[in-house]
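# Chains, contacts and geometry: an overview
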Amino acid sequence: MVVGWWWWTWRGVAVAVAAACLVAHVAARVADALWWRPRRLEAHFARQGVRGPPYRFLVGCVREMVALMAEATAKPMSPAAAHNALPRVLAFYHYWRKIYGMDLDESCSIDDCPRGFWVSSWEGLMAIAVAGPTFLIWFGPTPRLTVAEPELVREIFLTHAEAFDRYEAHPIVRQLEGDGLVSLHGDKWAHHRRVLSPGFYPENLNRLVPHVGRSVAALAERWRGMACAAGAGGEVEVDVAEWFQAVAEEAITRATFGRSYNSGRVVFRMQARLMAFASEAFRKVLVPGYRFLPTKKNRLSWGLDREIRRGLVRLIGRRSGDAGEEDETTELKDKDSGFNDLLGLMINAGVNKTMPVEDMVEECKTFFFAGKQTTTNLLTWATVLLAMHPDWQDRARREVLAVCGDAGDLPTKEHLPKLKTLGIILNETLRLSPPAVATIRRAKADVTLGGISIPRDTELLVPIMAIHHDARLWGPDAAQFNPARFAGGAARAARHPLAFIPFGLGSRMCIGQNLALLEAKLAMAILLQRFDLALSPNYVHAPTVLMLLYPQYGAPLIFRPRQSQPFDQQH
Ligand code: HEM
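Residues numbered from 1 in each chain as written. Predicted model: local features only at pLDDT ≥ 70, side-chain atom pairs only at ≥ 80, totals over all residues. Heavy atoms only, no water.

As a further point, take helix α4 (residues 91-100). Those residues of α4 not exposed but buried are A91, F92, Y93, W96 and Y100. Buried positions along α4 lie against α2 (62-73), α3 (86-89), β1 (135-139), β2 (142-146), β8 (459-462) and α19 (464-468). (Buried < 20%, exposed > 50% of the residue type's maximum accessible area, 1.4 Å probe, protein only. Helix = DSSP H or I, 4+ residues; strand = E, 2+ residues; numbered from the N terminus. Contact = heavy atoms within 4.5 Å.)

Quick look at the structure:
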């Protein structure tokens, strides 16, 4: 059959119309996602009295956030030794909270609503009273509600935890943190958590004390040597933010690999290099898809990632393949045969076919990621704070010397629970300088929180550091370093028992907190036995955040040896 020209024309028109409809449909969906939905949500929250900086097409309020953070980090803390770091660290939160935070003082009525906000109903007003400093920000087109009221924090993490999910991290972070506990969900997460938890029981971790103790003492001995080389009355300047990484790396390597420590260390060294690349990329690159380009750094990262995987698979194969293969390190095996390393726990689960090798690899990456820098930061800030507060340094040292003896003795597992002053100092450090300054959840379905109706997929930003610095909860000395507030226990240190959450809360609370606190107490005790600490004239107090809280210009401290006898001659 011969088809006439008109047929082709009509066919062409039909195709063009269909294509135009498709384009219009896609454009409408995109416009809805990037403009109309955010505007609807803005109005939805405004009706309930929840305000915030206005949504801007595509970027939300990220531009303003970045500008506020850049301005805050341009100058160091003032005065130089002040601890009210919140305006510097979470500048956007601090700034917008003052403008939009729903704080309702008791005398407020619907007619004199705070800062002139319009609230459409008594329900809205009641929501304000319950919700406290809650306001809305936009991370691109995604709404993020800030929640810093302990009662609401309780709902999110404890009473209605099933309604909220962990937030998916940035792809660069995800690649690094591995698909382990931090990012898993549901049954798989519960299974992994069950398998791994025994590794973090105090009685198990106590077996690491001699190993971690020796590594800290060796570091201290190195500093003492450097100080002595400086001559009589010698002292040494050390950037603790750098050096403590070795301590944290040692502890997490031991905890993860136990008797396979040496092979594990090789793998974790590569992981450390990978993290350095990624942290550089995270600072510089906000271009979508950049991480897929074959740049020199990216190719190096991919190569390292492949090597890490290969190393871990080999190691797991050796450990699980036959009982005869004991790896190169017998240290932990001989002396501490009861030690449950994390890899061993996973291999045992794998024998019962409940944990594939790929999952074990991901978990190892997660431990390194979650355990190294966090603990380094805790150690760094604790040392800085003791250098800033010589009175507390003296008190802590007196206790350490009384309980553990002098530099000739390494603290033991029996000593650690007796170091109460060091315990409250670490708590006050975690309060003022929590390594994880905030955490994020996502509403899995429409929920009501503190009287506010929250649509599905809204994110909730819980600014841990802001809760820790809130004078309503901690009193007028909230910005002071005062470890004594923890003397009656962490739950009674503030006006609300959930005002102190450095390790999170609920079922997804940090699995590694016992390890972090053990490491920190042990390391601080060993250093106090051996050195007087002071701030270096080069120290600039400038806490800031890049994933975690860290000192923007490093943490150079002066270490003055208290003992002349070298460590290796004491043993
Ligand atoms: C001072 C040190 C540490 C701090 C402040 C810290 C903080 C936290 C916080 C706040 C969370 C909860 C995050 C959330 O709910 O969104 C968390 C989870 C986690 N932490 Fe830590 N952490 C520390 C040390 C460690 C160490 C040494 C490990 C070692 C393995 C570790 C492994 C993890 C893991 C695996 C999770 C996820 C737990 C789960 O979802 O089941 N952390 N950490």
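Another aspect to go through is unusual backbone geometry. Along the chain, S78 connects to P79 via a cis peptide bond; the corresponding omega equals -5°. Relative to the helices and strands, P79 is located in the loop between α2 and α3. One non-glycine residue, L58, lies in the positive phi region at around 70°. Backbone geometry places D457, a non-glycine residue, at a positive phi of 75°. You can see D457 is positioned in the loop between β7 (452-454) and β8.

A few words now on the pattern of salt bridges. Here the idea is simple: oppositely charged side chains can pair when their charged atoms come close. Scanning all chains against the criterion turns up 29 salt bridges. Here R40 ties to D32 by a salt bridge, and the two come within 3.0 Å at their closest N and O atoms. Between R309 and E358 there is a salt bridge whose closest N-O contact spans 2.8 Å. Of the two residues, R309 is situated in helix α13 (residues 296-321) and E358 in helix α16 (residues 357-388); the sequence distance between them amounts to 49 residues. The class of R309 is partly exposed, set by a relative accessible area of 25%. Judged by relative accessible area, which is 41%, E358 ranks as partly exposed. Put simply, D305, R309, E358, E362 and K365 are held in one network by salt bridges that share partners. (Salt bridge = Lys/Arg side-chain N within 4 Å of Asp/Glu carboxyl O.)

This part covers the sheet that holds strand β4 (residues 236-239). Paired through backbone hydrogen bonds, the strands of a sheet run either parallel or antiparallel to each other. Taken in spatial order, the 3 strands make up an open sheet running β4-β12-β9, and their pairing is antiparallel. Sheet topology places β4 and β9 (531-535) at the edges, where each strand pairs with a single neighbour. Neighbour-to-neighbour, the strand axes of the sheet open up by a mean angle of 35°, direction not taken into account. As paired elements, β4 and strand β12 (residues 556-561) share 4 bridges and run antiparallel to each other. Opposite V238, over in β12, you have L557 as the bridge partner. Contacting β9 and β12, α16 runs over the sheet at an angle of about 85° to β9. (Pairing = 2+ DSSP bridges. Axes fitted to C-alpha atoms, helices over the stretch in contact; angles between N-to-C directions.)

In this section: the UniProt feature "binding site: heme" (unreviewed entry) in the protein. Following the UniProt record, one finds the feature "binding site: heme" (unreviewed entry) at C510. Mapped onto the fold, C510 is located in the loop between α20 (471-474) and α21 (513-530). Given the relative accessible area of 33%, C510 is considered partly exposed. C510 has contacts with R193 and F503, leaving out every residue within four places of it along the chain. (UniProt positions renumbered as here; feature names shortened; annotations may be inferred.)

Another aspect to go through is the site of the ligand. Taken together, 26 residues sit near the ligand, with W189, R193, T439, R441 and C510 positioned nearest. Take R193: an N or O atom from its side chain is 2.7 Å from an oxygen atom of the ligand. Take T439: an N or O atom from its side chain is 2.4 Å from an oxygen atom of the ligand. Ranked by the residues each element gives to the shell around the ligand, the list is headed by α16, at 6 residues. (Near = heavy atom within 4 Å. Polar contact = N/O pair within 3.5 Å; in protein donor to acceptor, adjacent residues only side chain to side chain.)

Going residue by residue along β8, you find E459 and L461 tucked away on one face and L460 and V462 tucked away on the opposite face as well. Relative to β8, β2 is paired through 3 bridges, and the arrangement is parallel. The partner of R144 across the bridge, within β8, is E459. Bridge analysis of strand β5 (residues 439-443) against β8 gives 4 bridges, and the strand direction is antiparallel. When the sheet's bridge partners are listed, I440 is paired in β8 with L461.

What follows is about the confidence of the model for the protein. Confidence along the protein averages 87 in pLDDT terms, with 87% of residues attaining 70 or more. Residue range residues 322-335 is modelled with pLDDT below 50. Its contacts to residues more than four positions away, or to other chains, number 31 contacts. Here the predicted complex carries an ipTM of 0.99, next to a pTM of 0.89. (pLDDT = per-residue confidence, 0-100.)

Take the packing of aromatic side chains next. By the definition in use, this model includes 16 aromatic pairs. Measuring from centroid to centroid gives 5.5 Å for Y93 and F135, while their planes differ by 35°, and the two rings are tilted. Residue Y93 is found in helix α4, and its partner F135 is found in strand β1; the two are separated by 42 residues along the sequence. The same class applies to Y93 as to F135, namely buried. Judged by centre distance (4.4 Å) and plane angle (40°), the ring pair of F268 and F368 falls under tilted. A residue pair is termed long-range when its members are at least 10 positions apart, and F268 in helix α12 (residues 261-284) and F368 in helix α16 qualify at 100 residues. The buried category is assigned to F368, whose relative accessible area is 0%. Chaining the aromatic ring pairs together yields one cluster made of W223, W243, F244, F531 and F559. (Phe/Tyr/Trp six-rings, centres within 6.5 Å; stacked < 30°, edge-to-face > 60°.)

Taken in spatial order, the 5 strands of this open sheet run β1-β2-β8-β5-β3, and their pairing is mixed. Only two strands of the sheet have a single partner each, and these edge strands are β1 and β3 (164-166). This sheet shows a mean twist of 35° between the axes of neighbouring strands, independent of strand direction. Its contacts with the sheet place α4 against β1, β2 and β8, and it is angled at close to 135° to β1.

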